[in-house]
Structures are given as C-alpha cells and as structure tokens.
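# A look at the structure
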Amino acid sequence: MLKTIHLYDEEFKENNYNGNENAQDYVIKEGKNNILISSPHCFKHFRNGNIKVNEILTGAIGSYLHDKGDTHFSYVSKFLEKDANWDDDSDYRNAVKEYIIANNISYLIDLHGMKENKYDLIIGINDMKNINNSIKLFNKIREFWKNTSFNVVFDYNFKASKKNNICRVMNEHTKVYAMQFEISEKVRLDEMLICNFIEDMLSFIEMLSRLKIISSIQKNTKYSSSLPLNYCLISN
C-alpha cells in the first residue's frame, strides 16, 4: 500500500507542489458509490495575501480512496491565487456543488491536513448541522472511529462552520452529509499510521455506502409535519 500511496503523490509533487501552470484549475473523477472525496489543498494555495503550503498526502489519500474504494474524487489541480475553503468566490465549490446534485452524492468527505495534534483526526460537522442534524449518522460515525486505533474528536478547533467552508456550503445548498476530516501530520508522515488510516477509511466508506437514505421526506405524511423539506433520514 505504501508504495502505491507514494506513486499517487507524484502527481501532486509536480513543480514543488505548485503543479503545472497550464493544467485546468480542478479535476473531478467519477466513482461508483454515493461518496465524494474532496482534496482542495493538495497543492499550494493563496489565502489573505499569503502563500499557504500544501497539505501533504491529502491528494494521494483521495486518489487511493477513489481507485480502491470506488469513491468520486475532486481536487484543486494546481497552485491558485485563491482558496476554495475560504474565499467568497470559488469555481471549485461551484463545480463540486453541481456535481453533487447531478450525481446524487449522499456524503462528502473533505480532506485536510493539520499540524501534529493531540488528536489523530478531527471531524468537523458544525455542531451536526453539516450532517443534517442526524443523530443516527453521528452515532454511527462516532462508533466506527471509536473502534479504531486512532484518537478522534469532533469539532475541536475545526468545526467546518465558516461561511465559505466547503462542507457548510455544500450541505446548505444540496443537503449532502458533509464531513471535514483534519488528519494530523503525525498520521500522514508515519508509514505505518498512514497505511492503517487508509485501511480504516476504506472500511468507513464501505459502512457509509451501505446505509440506506430515505429522501424526499416531504412525500411521507408520517414525517412531513415535523421535518423540513428535503430532510434525509438514515435507516439501518
């Protein structure tokens, strides 16, 4: 697995993680299930007048999950003088939103890398707003990661709540269940930990894809009086 991860990373190492200036701004690769992996910071980018370093291996992880986990995969594909997770205007966010709608995507996992932290993984869900306030889904996510070897917490420092945050915007416009995954540098740079993490991610994706989502809830008179339009219930 490790060799494959590093092979995937070669694409993102191009020109010292600046990419090819002649490349298109973003790429979206079609998958087979209902899960979209997003990697907006796999190349260097620009925020508030400063160049931000790339979040190493977030692109390679997304590529691996796309090829081995059948997920859809989107990513910013070169250095841009903008930040898709921060700026008011973003062609990347607009494209991802249209893709989610056109391809009936149910789950969005937006991959990011944080510096070494007391936690291995922080999952930002904006006080559950970005997962449609689904307690059932939250419990399934929490239970899954509790049974791994990683130290995982929700919404600590990274809530995915700012107005231009990819997960928040996608949820507000499409009702997709959106999760921001902040992966510790310790996990991404340790050969054993990164392999274990990706194995767990493949299992997590499989678990999500097996969940049945009852959509168009407004047509169900049992719930229509108590739930908003387009709300989604997750069943076992």
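Higher on the page you've got the structure.
Overview of the structure. (Residues numbered from 1 in each chain as written. Predicted model: local features only at pLDDT ≥ 70, side-chain atom pairs only at ≥ 80, totals over all residues. Heavy atoms only, no water.)

Right, let's get into the pattern of salt bridges. In this structure the tally under the stated criterion is six salt bridges. Where Asp-120 meets Lys-186, a salt bridge forms, and the shortest distance between an N and an O atom there is 3.0 Å. Highlighted residues: Asp-120 in the loop between β6 (107-114) and β7 (121-124) and Lys-186 in helix α6 (residues 185-189), separated in sequence by 66 residues. Residue Asp-120 is classed as buried on the basis of its relative accessible area, which comes to 8%. In this structure Lys-186 comes out as partly exposed when scored by relative accessible area, which is 34%. Across the salt bridge formed by Arg-210 and Glu-206, the nearest N and O atoms sit 3.4 Å from each other. Of this pair, Arg-210 and Glu-206 both sit in helix α7 (residues 191-210), separated by four residues, roughly a single helical turn. On the basis of relative accessible area, Arg-210 is assigned to the exposed category, the value being 55%. For Glu-206, a relative accessible area of 45% corresponds to the partly exposed category. (Salt bridge = Lys/Arg side-chain N within 4 Å of Asp/Glu carboxyl O. Helix = DSSP H or I, 4+ residues; strand = E, 2+ residues; numbered from the N terminus. Buried < 20%, exposed > 50% of the residue type's maximum accessible area, 1.4 Å probe, protein only.)

An order of β1-β5-β2-β6-β9-β7-β8 is seen for the seven strands of this open sheet, with the pairing classed as mixed. Edge positions in the sheet fall to β1 (26-29) and β8 (152-154), since each has one partner strand and no second. Each neighbouring strand pair of the sheet contributes to a mean axis angle of 20°, computed without reference to strand direction. Direction of pairing for β7 relative to strand β9 (residues 177-184): antiparallel, over a ladder of four bridges. Directly across from Leu-121, in β9, lies its bridge partner Ile-183. (Pairing = 2+ DSSP bridges. Axes fitted to C-alpha atoms, helices over the stretch in contact; angles between N-to-C directions.)

Turning to its location among the elements, Asn-130 is positioned in the loop between β7 and α4 (135-146). Look at Asn-130 and you get buried, because its relative accessible area is 1%. Here Asn-130 is in contact with Ile-125, Lys-159, Ala-160, Cys-167, Arg-168, Asn-171, Val-176, Tyr-177 and Ala-178, once residues within four sequence places are set aside. (Contact = heavy atoms within 4.5 Å.)

Formed by 48 residues in total, the largest nonpolar core has its most connected members in Ile-109, Trp-145, Met-179, Phe-181, Phe-204 and Leu-208. The element that contributes the greatest number of residues to this core is α7, accounting for eleven residues. The contact partners of Ile-109, leaving out residues within four places of it in the chain, are Ile-35, Leu-36, Ile-37, Ser-38, Met-179, Phe-181, Met-201, Phe-204 and Leu-208. Within the second largest apolar cluster, 17 residues are counted, among which are Leu-36, Val-76, Tyr-92 and Val-176. (Core = buried A, V, L, I, M, F, W, Y, C linked by side-chain atoms within 4.5 Å.)

With that out of the way, let us pick up helix α5 (residues 166-174). Every buried residue belonging to α5 is among Ile-166, Cys-167, Val-169, Met-170 and Asn-171, and all of these are buried. Tucked into the core, α5 has its buried residues touching α3 (91-102), β6 and β9. Two or three places before Cys-167, at the start of α5, stands the capping residue Asn-165, its side-chain oxygen 2.9 Å from that residue's backbone nitrogen. Directly beyond the C-terminal end of α5, a positive phi value near 65° is found at Lys-175. (Polar contact = N/O pair within 3.5 Å; in protein donor to acceptor, adjacent residues only side chain to side chain.)

The next thing to look at is the packing of aromatic side chains. What the rule picks out here adds up to 14 aromatic pairs. Consider the rings of Phe-144 and Phe-204, whose centres lie 5.2 Å apart with planes at 55°: the pair is tilted. Of this pair, Phe-144 sits in helix α4 while Phe-204 sits in helix α7; the two residues are 60 residues apart in sequence, bridging distant segments of the chain. Exposure class is identical for Phe-144 and Phe-204. Each is buried. (Phe/Tyr/Trp six-rings, centres within 6.5 Å; stacked < 30°, edge-to-face > 60°.)

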